Amino acid sequence: MPETNGTEADSSGPRPGLRLELQAIDLDRDGHGLARWQGWVVVVPGLLPGERAKVQLQQRQKSRWLSRISERLDSSPTRRRPPCILAQDCGGCTLQHLEESAQRNWKQDQLHQTMLRLGGIDHPQAPALTDQRGLGYRNRGLIPLRRGEDDRLRMGYFRRGSHRIVNLSRCPVLDPRLDALVEPLKQDLDASGLSADHDLSQSQGLRHLGLRIGHHTGEVLITVVSSQQLPALQRLAQQWIERWDAVKGVTLNLQPRRTNQILGATTTVLAGAPTIRELFCGLQLQLSTTTFFQINTPQAERIVACIVSWLSQAELAGPIVDAYCGIGTISLPLAAQGHHVVGLEINPDSIDQARSNADANGLGARTEFQAGDVANLLKETLATCSALVVDPPRRGLESSVTEAILSEPPALLAYLSCDMATQARDLKRLLQPEGPYRLEQLQPVDFFPQTTHLENLAFLRRVSS
Ligand SMILES: C[S@@+](CC[C@H](N)C(=O)[O-])C[C@H]1O[C@@H](n2cnc3c(N)ncnc32)[C@H](O)[C@@H]1O
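## Details of helix α8 (residues 399-407)
Of the positions making up α8, those classed as buried are V401, A404 and I405. Seen from one end, α8 has its buried residues packed into an arc of 100 degrees, which puts them on one side. Exposed and oriented more than 90 degrees from the buried face of α8 are S399 and S407.

Rendered as structure tokens:
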């Protein structure tokens, strides 16, 4: 096969091993470069938009070809040296090689394209609320563990596209107060001799190390996730509590099932308290091992303040329903402004915590929390409510939930989402001409610098029933 500039002629179509010279035009959701060749999309990990590289095709994945760079031919002005030395291997952060201002531009553009393509929505976005810290923003880490063939403990996130741990001693996106604990905790667990295997494919024992911090209080909760009770952990837990003032509790979470769900149903206290305190929008919250809490506390406070302020503009006759309410992160600041709020949530631990958080802040009389599936609970609560807040998991709204909203649409709807594709799909059904709502505002907020993720808030006002 004749070659041009070190690449092969392209007459025979794509095949594994074919060498090409390509220019990336975009990034995919994993932060990989995307190029086009003969009508095919070629995924080029490591290449930034505008950059050219000699690549070799590897394998076809549906309508895309995966490739590997053999030589990068130029460098984008937006390329930078990643702040984390493991960035190239670790699958935790995927945009570390891109300047932060370019990360933000790319995310806003993705939001615009996704809303247009999947939602038919061409609406101006407010500038994203950005986190100037860039690093050190995560208030929680759940880090896989495995003992290697050399008998040493490995701790770290997975290599991209695999389940192999990239061993780390530091993780720069973690809150620095948690980051400082990573290496000493790893050393202690290593020295314990306990077996460790995050997916239980080779042995039982330790699976993950969980770290959580109250951003405003500095209180730390350590959680060891294990397939079984391990008496040796009791002694270690006591040592950790005594060694670090900030560590207020160490818990053991049992996850005996071979599933990709990290946390199991049972959590017991090994030392100290089962919860830590956090201050959120001026309110006291208790956080535990298993309940959901937004990963980036200051950014979550900013977005909750937007929701509270938007809903407080209107005279609301009935209560506000906060669907997917977790521990009351949105419900309680709304109640603190005088609104009556009904929170719906599937995790009973979160509902218990939401109730005790409400009582601790003197908001018990203005809040009601119901445990169960939003799909079952929403219809009844919508009949009397005047505004609805939804903050669903990545999969977005179940179609039965959208149906319930459409059959009894509250006057105001705030939709917070961590997945712009499912949000665009849902908005399409809720907005005119299909649905009764008009879009008032799109407010993106960057909770996760160095990754491709973007949170987005949409405010909808009912204009027809
Ligand atoms: C993205 S979190 C939002 C939590 C809360 N709004 C916050 O800001 O902390 C989604 C929440 O929905 C809950 N959830 C998931 N599926 C649910 C369902 N079908 N019904 C009710 N809650 C659900 C999860 O347990 C989680 O607490």
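Moving on, there is more to tell.
## Some words on the site of the ligand
Near the ligand you find 19 residues, and of these F292, Y324, G326, T329 and I346 are the closest. Residues belonging to the shell around the ligand are distributed by class as follows: 11 nonpolar, 5 polar and 3 charged.

## Some remarks on the packing of helix α7 (residues 374-382) against α8
At a minimum axis distance of 9 Å, the contact between α7 and α8 shows a crossing angle of 5 degrees. Our classification of the angle between α7 and α8 gives roughly parallel. When α7 is examined against α8, the residues V374, A375, L378, K379 and L382 are found in contact with a partner set consisting of S400, V401 and A404. For the contact of α7 with α8, the residue count by class is 6 nonpolar, 1 polar and 1 charged.

## Description of the nonpolar core
By size, the foremost hydrophobic cluster in this structure holds 116 residues, and its most contacted members are V44, I307, A323, L388 and A414. If you tally residues by element for this core, the top one is helix α4 (residues 297-312), at 6 residues. With residues near it in sequence (within four places) discarded, A414 still touches I307, W310, L311, V389, L457 and F459.

## Thoughts on the pairing of strand β18 (residues 341-345)
With respect to burial, β18 is a largely interior element, 5 of its 5 residues being buried. On β18, burial covers both faces: V341, G343 and E345 on one face and V342 and L344 on the other are all buried. Summarising the sheet, strand β17 (residues 320-323) and β18 pair through 4 bridges and their orientation is parallel. Within the sheet, the bridge partner assigned to D322 lies in β18 and is G343. Once the chain exits β17 it traverses helix α5 (residues 331-336) before rejoining the sheet at β18, and the crossover so formed is right-handed. Sheet topology places β18 next to strand β19 (residues 367-371); 5 bridges connect them, and they run parallel. Its bridge partner being in β19, V341 is matched across the sheet by T367. At this point the chain moves from β18, through helix α6 (residues 348-360), to the parallel β19, and the crossover so formed is right-handed.

## A look at the sheet that holds strand β13 (residues 247-254)
Taking strand neighbours across the sheet as the criterion, the 6 strands line up as β10-β9-β11-β12-β13-β14 in an open arrangement whose pairing is mixed. The sheet terminates laterally at β10 (153-155) and β14 (266-272), the two strands that pair on one side only. Averaged over all pairs of adjacent strands, the angle between their axes in this sheet comes to 25 degrees, without regard to strand direction. Note that strand β9 (residues 140-147) and strand β11 (residues 206-213) share 5 bridges and pair antiparallel. Directly across from G141, in β11, lies its bridge partner L211. The strands touched by helix α2 (residues 176-191) within the sheet are β9, β10, β11 and β12 (220-226), with β11 carrying the most contacts at an inclination of about 155 degrees. Most of the contacts of helix α3 (residues 232-243) go to β14, to which it runs at about 50 degrees, and overall it touches β12, β13 and β14.

The rules behind these values
- Residues numbered from 1 in each chain as written.
- Predicted model: local features only at pLDDT ≥ 70, side-chain atom pairs only at ≥ 80, totals over all residues.
- Buried ≥ 20, exposed ≤ 12 C-beta atoms within 10 Å, placed from the backbone.
- Helix = DSSP H or I, 4+ residues; strand = E, 2+ residues; numbered from the N terminus.
- Arc of directions from axis to C-beta.
- Near = placed C-beta within 6 Å.
- Nonpolar A, V, L, I, M, F, W, Y, C, P; charged D, E, K, R; others polar.
- Axes fitted to C-alpha atoms, helices over the stretch in contact; angles between N-to-C directions.
- Parallel < 35°, antiparallel > 145°, perpendicular 65-115°, else oblique.
- Contact = placed C-beta atoms within 7 Å.
- Core = buried A, V, L, I, M, F, W, Y, C linked by C-beta atoms within 7 Å.
- Pairing = 2+ DSSP bridges.
- Right-handed = clockwise from strand over helix to strand, strands pointing away.

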